[in-house]
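Listed below, chain by chain, are the residues.
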Amino acid sequence: MLRNTTTRYGWAAIILHWLIGLIFIGQFALGWTMVRIVSQRTAFELIQLHKSFGFLLLGLVLIRIGWRLANLTPELPEEVGPLERLAAPSVHFLLYAAQLVVPLSGWVLVSVSVLEIPSVPFNLFVMPHLPLGISEQAEDFWIFGHKWLAYAAIALVVLHILAALRHHFWLRDVVLVRMISPLIARRARKPE
């Protein structure tokens with residue numbers, strides 16, 4: 001089952017969800033670590049790795065958004081309350097926006113940097129910089145922006161995780177289960 005149905009996510013959405021989630025959280029940890037490393041060589045290598053995963057993340061998020069637009073979105077279970085039904089689409093929109101804006105702001109940052117260090121994702125090719133003006137002021141602005149966008153995004157991710165755990169352990173519905181496997185979601189579905 002590759003595609004979504006009205007009640008379950010398909011394998012494509014599930015794999016993209018978890019892959020993007022792991023990379024996104026890993027990117028936050030890597031970004032936090034790389035700016036605290038004393039060794040310039042190690043910091044440089046971690047920054048290149050961070051940029052590589054940032055470009056991969058951006059590509060995967062674009063694929064995921066396209067997949068979501070081309071597929072059904074499973075309906076929330078009947079037990080989900082009206083306030084949560086209202087909030088869920090907004091939070092999902094913010095998560096998608098964050099997954100786009102954070103790597104894009106990183107790309108802008110390396111593009112305006114006075115260091116003009118090329119980005120070479122996974123040592124495969126040179127990713128061109130965006131056609132933006134290079135200046136210390138722009139670099140400082142985007143360092144600040146990228147950092148705080150990442151903090152805001154990780155706060156959204158934590159909220160998303162807590163909501164999923166609430167559904168699974170407290171409400172005991174299929175919201176989390178159906179993002180693990182379409183087969184488990186089918187078995188976990190309450191009898192009608």
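All figures in this text were calculated on a predicted structure; none of them were measured in a lab.

Caption draft 1: Local environment of the overall build of the protein. Tallying secondary structure elements over the protein gives five helices and zero strands in all. In terms of principal-axis extent, the alpha carbons of the protein reach across some 60 × 30 × 30 Å. In the protein, which comprises 192 residues, the share counted as buried stands at 38%. In the protein, the proportion of contacts linking residues at least 24 apart, taken out of those at least 6 apart, comes to 69%. Carbon and sulfur atoms make up 72% of the accessible area of the protein, which amounts to about 11,900 Å² in all. For the protein, the separation between the mean place of its 16 positive charges and that of its 11 negative charges on side chains is 10 Å.

Caption draft 2: Structural detail: the nonpolar core. Ile20, Phe24, Leu57, Leu60, Val102, Ala153 and Val157 are the most contacted members of the largest nonpolar core, which totals 15 residues. For this core, the secondary structure elements donating two or more residues are helix H1 (11–34), helix H2 (40–70), helix H3 (82–112) and helix H4 (136–171). Looking at this core element by element, the count peaks at five residues for H4. If we ignore the near neighbours within four places in the chain, the residues touching Val102 are Phe24, His146, Leu149, Ala150 and Ala153. Counting residues in each nonpolar core, the second largest holds five residues, with Phe55, Trp107, Val110 and Met127 among its members.

Caption draft 3: Spatial organisation of H4. Here H4 is 36 residues long and its end C-alpha atoms lie 51 Å apart, about the 52 Å a rise of 1.5 Å per residue gives. For H4, every residue scored as buried is listed here: Ala138, Glu139, Gly145, His146, Ala150, Ala153, Ile154, Leu156, Val157, Ala164 and His167. Downstream of H4 by one or two residues, Arg172 has phi in the positive range, about 55 degrees.

Caption draft 4: Region of interest: the packing of aromatic side chains. The full count for this structure, using the stated rule, is six aromatic pairs. A centroid spacing of 5.4 Å and a plane angle of 85 degrees characterise the contact between Phe55 and Trp107, whose relative ring orientation is edge-to-face. One end of the pair, Phe55, is in helix H2; the other, Trp107, is in helix H3, and 52 residues separate them in sequence. Between Trp148 and Tyr151 the ring centres are 4.9 Å apart and the planes differ by 50 degrees, which places this aromatic pair in the tilted class. Highlighted residues: Trp148 and Tyr151, both in helix H4, separated by three residues, approximately one helical turn. A connected cluster of aromatic rings, assembled from ring pairs, spans Phe28, Phe144, Trp148 and Tyr151.

Caption draft 5: Spatial organisation of a nonpolar patch on the surface. Residues Met1, Leu2, Trp11, Ile15, Leu19 and Leu183 make up a contiguous nonpolar surface patch of roughly 540 Å² in combined accessible area. The greatest single-element share of the nonpolar patch, amounting to three residues, is contributed by H1. Following the sequence through the fold, Ile15 ends up in helix H1. Residue classification places Ile15 among the exposed positions, given a relative accessible area of 51%.

Rules used throughout
Each chain carries its own residue numbering, running from 1 in the written order of its sequence. Since the coordinates come from a predicted model, pLDDT governs what is reported: local features require at least 70, and pairs of side-chain atoms require 80 or more to be given and counted, while whole-chain, interface and lining totals use all residues. With hydrogens and water set aside, each side-chain value is computed from the structure's full complement of heavy atoms. The helix count covers DSSP runs of H or I at least four residues long, the strand count covers runs of E at least two residues long, and both are numbered beginning at the N terminus. Relative accessibility decides the category of a residue: with a 1.4 Å probe and only protein chains considered, values under 20% of the type maximum give buried, values over 50% give exposed, and everything between is partly exposed. Pairs of residues are marked as contacts when any of their non-hydrogen atoms sit within 4.5 Å. Using a 1.4 Å probe, accessible areas were evaluated by the Shrake-Rupley method; residue-level cover was limited to the displayed protein chains. Positive charges come from Lys and Arg, negative ones from Asp and Glu, while His and the chain ends are left out of the count. A charge is said to be at NZ when it belongs to Lys, at CZ for Arg, at CG for Asp and at CD for Glu. Put simply, a nonpolar core is a bunch of buried Ala, Val, Leu, Ile, Met, Phe, Trp, Tyr and Cys residues held in one set by side-chain atoms that sit within 4.5 Å of each other. The span one expects for a helix is its residue count, reduced by one, times 1.5 Å. Two aromatic rings from Phe, Tyr or Trp, using only the six-membered ring of Trp, form a pair when their centres are within 6.5 Å; if the ring planes differ by under 30 degrees the pair is stacked, by over 60 it is edge-to-face, and anything between is tilted. Patch membership is restricted to residues that have no salt bridge and whose relative accessible area is over 30%. Joining uses 9 Å for like charges and 5 Å for the nonpolar side chains Val, Leu, Ile, Met, Phe, Trp and Tyr. A side-chain nitrogen of Lys or Arg and a carboxyl oxygen of Asp or Glu constitute a salt bridge if their distance falls within 4 Å.

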